[in-house]
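Notes for the structure review
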Amino acid sequence: MTESHSDDGVIIEFIDAADVPDEHRKDNKVFAPGEQAIIMKDAKHPEGPVLYFTEAEWDAFIGGVKDGEFDDLLDEEPPEE
């Protein structure tokens, strides 16, 4: 498992898909054996809700971040590159 976080942000962990709890396998979500699942939780409240992503969902999420789909949620606009 690899992990990245800060106290003011989110905790992101890459876990084996086999370790995803059964209650998060609903809605036809496929966590294929041998693949990774990605979890995200609030660093201030790590015991709180956990979001589970398949690899495909994570790739789509990261693509959306890079494309600016969530910029309207920021307090400040990101700097222009």
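Residues numbered from 1 in each chain as written. Predicted model: local features only at pLDDT ≥ 70, side-chain atom pairs only at ≥ 80, totals over all residues. Heavy atoms only, no water.

1. So, the overall build of the chain
The number of helices and strands found in the chain is one helix and four strands. For the chain, the sequential pattern of α-helices and β-strands runs β-β-β-β-α. Across the 81 residues that make up the chain, the buried fraction comes to 22%. Accessible surface computed for the chain: about 6200 Å², of which carbon and sulfur atoms make up 50%. (Helix = DSSP H or I, 4+ residues; strand = E, 2+ residues; numbered from the N terminus. Buried < 20%, exposed > 50% of the residue type's maximum accessible area, 1.4 Å probe, protein only. Areas by Shrake-Rupley, 256 points an atom, 1.4 Å probe, with all protein chains shown as cover.)

2. Focus on the side chain of K41
As for its placement among the helices and strands, K41 is situated in strand β3 (residues 36-42). The contact partners of K41, leaving out residues within four places of it in the chain, are V10, I11, E13, P46, P49 and V50. (Contact = heavy atoms within 4.5 Å.)

3. Let's talk about the nonpolar core
Core analysis: the biggest nonpolar cluster contains seven residues, these being I15, A17, V20, F31, A37, I39 and Y52. Setting aside anything within four residues of it in sequence, one finds I39 in contact with I11, I12, E13, I15, V50, L51 and Y52. With five residues, the next largest nonpolar core counts I12, I38, M40 and F53 among its residues. (Core = buried A, V, L, I, M, F, W, Y, C linked by side-chain atoms within 4.5 Å.)

4. Some words on the packing of aromatic side chains
Overall, the coordinates contain five aromatic pairs when judged by the stated rule. With 5.3 Å between their ring centres and 70° between their planes, F53 and W58 make a pair best called edge-to-face. Taking the relative accessible area as the measure of exposure, F53 reaches 13% and is therefore buried. Ring geometry for F61 and F70: centres 5.5 Å apart, planes at 45°, overall tilted. Looking at F61, the relative accessible area reads 26%, which means it is partly exposed. An aromatic cluster is defined as three or more aromatic residues linked by ring pairs; in this entry it consists of F14, F53, W58, F61 and F70. (Phe/Tyr/Trp six-rings, centres within 6.5 Å; stacked < 30°, edge-to-face > 60°.)

5. Quick notes on the environment of K44
Checked against the element boundaries, K44 lands in the loop between β3 and β4 (50-53). K44 sits 34 residues away from V10 along the chain, and the two C-alpha atoms are 8.0 Å apart.

6. A word on the pattern of salt bridges
Two side chains carrying opposite charge are able to pair once their charged atoms lie near each other. Summed over the entire model, instances satisfying the criterion amount to one salt bridge. Between E13 and K41 there is a salt bridge, and its shortest N-O distance comes to 3.9 Å. Of this pair, E13 sits in strand β2 (residues 10-16) while K41 sits in strand β3, and the two are 28 residues apart along the sequence. The pair E13 / K41 is uniform in exposure class, with both members buried. (Salt bridge = Lys/Arg side-chain N within 4 Å of Asp/Glu carboxyl O.)

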